[in-house]
Amino acid sequence: MTFLPDRVVARLRTELQLPDLSGTRYRVVKFLGRGGMGEVWLAEDTVLERSIALKILSPESGHAELASRLMREAVVLARLEHPGIVPVHDAGVLPDGRAFYCMKYVAGQTLDKHITGMDLHRRLQLLLRITEPLAFAHSRGIIHRDLKPGNVMVGPFGEVLILDWGLAKIHGNDPSVADHGPAQPARGGSAETETAHGAIMGTPGFMAPEQARGETSLIDHRADIFALGAIMAFMLRAPDPPARPLQAIYNKAMDAEISARYASVGEMAADIERNLQGLPVTAYRENLWERASRLAGRNRVAIVLVLAYLLMRILFVVFSRR
């Protein structure tokens, strides 16, 4: 008996699970990936003649609760209109009964691959770009809950987008998000989440402690700040350990005590910006030597000019006496 290689079996399985797009404006191009409850396919919009991405409920996940969750993700994304969040164009049910939504196709690299060979300054600037869509989502009462390098895409022109909002939690009372249609929880559920207490949702290493413990009632925007701190630590861990102020920033973001973390993404971004400008950060209390070194580094040109001037004056005095 001859056994097929695993890659061949995987390809055959994918081909057998091709979504039924008959009667729609979309044509399958290729399978892109699988994660959680859905599959993502590259497709062509035959009307507008452009490439799009289709997120479709997996065949083995085809029950009402997961279909509702997929549609809820589409509604959440549709209400987060920001350049750093992938826009949704369409949503519905395919002829084979599977829920789907159509979104912009982004050809790029995930964050973990993109930062290879990038210097510290550029990494910090990239991190600041990630804070922008996240802060926007928080302002609309949306918590991502699965922020990690694999869910951040950097496009071919440097655009930064946060992907995969399937675990997003609606928090707060923003009527533009919380009071419309499918984004609402089922009857009898909490106004903040559709996830029962004790359910653990997220990615180990990037989940806040309260999230890892399944304490859903405690999860707010500071869980995303914890994840952002973990991403920062991931981005800065090589090739050399970052300076203490930078370590202090991500350690504050990742504090086990919720109230000890940054109160907002904006506060954390401000500390990163201060560090880039050579200013002290609120998360770290520097000693006298560190302060002098920082000031010397920030005013290097002025110091060099003063020293050069003093040296010329000394030489002038010495030679003028001969």
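What you see is a predicted model; the values in this text were computed from it and never measured.

Analysis parameters
Residues numbered from 1 in each chain as written. Predicted model: local features only at pLDDT ≥ 70, side-chain atom pairs only at ≥ 80, totals over all residues. Heavy atoms only, no water. Helix = DSSP H or I, 4+ residues; strand = E, 2+ residues; numbered from the N terminus. Buried < 20%, exposed > 50% of the residue type's maximum accessible area, 1.4 Å probe, protein only. Contact = heavy atoms within 4.5 Å. Areas by Shrake-Rupley, 256 points an atom, 1.4 Å probe, with all protein chains shown as cover. Core = buried A, V, L, I, M, F, W, Y, C linked by side-chain atoms within 4.5 Å. Pairing = 2+ DSSP bridges. Axes fitted to C-alpha atoms, helices over the stretch in contact; angles between N-to-C directions. Expected span 1.5 Å × (residues − 1). Arc of directions from axis to C-beta.

Asker: Tell me about the overall build of the protein, and please be specific about residues and values.
Answerer: When its secondary structure is counted, the protein shows 11 helices and 10 strands. Expressed as a percentage of its 322 residues, the buried residues of the protein come to 40%. Residue pairs at least 24 apart in sequence account for 56% of intrachain contacts in the protein once pairs closer than 6 positions are excluded. Here the protein displays about 17,600 Å² of accessible surface, and carbon together with sulfur accounts for 57% of that area.

Asker: I'd like to hear about the nonpolar core, residue by residue, with values.
Answerer: Ranked by internal contacts, the top residues of the largest apolar core, which has 56 residues, are W165, M232 and M268. If you tally residues by element for this core, the top one is helix α7 (residues 221-236), at 9 residues. Grouped together as the second largest cluster of nonpolar side chains are 10 residues, A43, L54, L94 and C102 included.

Asker: So what about the sheet that holds strand β6 (residues 109-110)? Which residues, and what values?
Answerer: Spatially, β6-β8-β9 is the arrangement adopted by the 3 strands of the open sheet, whose pairing is antiparallel. Each having just a single partner strand, β6 and β9 (160-162) make up the two edges of the open sheet. Those strands touched by helix α4 (residues 120-139) are β8 (152-154) and β9, and its axis lies near 45° from that of β9.

Asker: Hey, could you go over the pairing of strand β4 (residues 88-93) for me, with residue numbers and the actual values?
Answerer: Pairing between β4 and strand β5 (residues 99-104): 5 bridges, direction antiparallel. For V88, the partnering residue across the bridge sits in β5 and is M103. In sequence, β4 turns back onto β5 through a hairpin of 5 residues, with G97 there showing a positive phi of about 90°.

Asker: Tell me about helix α9 (residues 265-276), residues and numbers included.
Answerer: If you check α9, its first and last C-alpha atoms are 17 Å apart, about what 12 residues at 1.5 Å a residue would give, namely 16 Å. Within α9 the residues assigned to the buried category are V265, M268, A269, D271 and I272. Mapping the buried residues of α9 onto a view down its axis gives an arc of 155°, with all of them on the same face. On its buried side, α9 packs onto α4, α7 and α8 (244-253).

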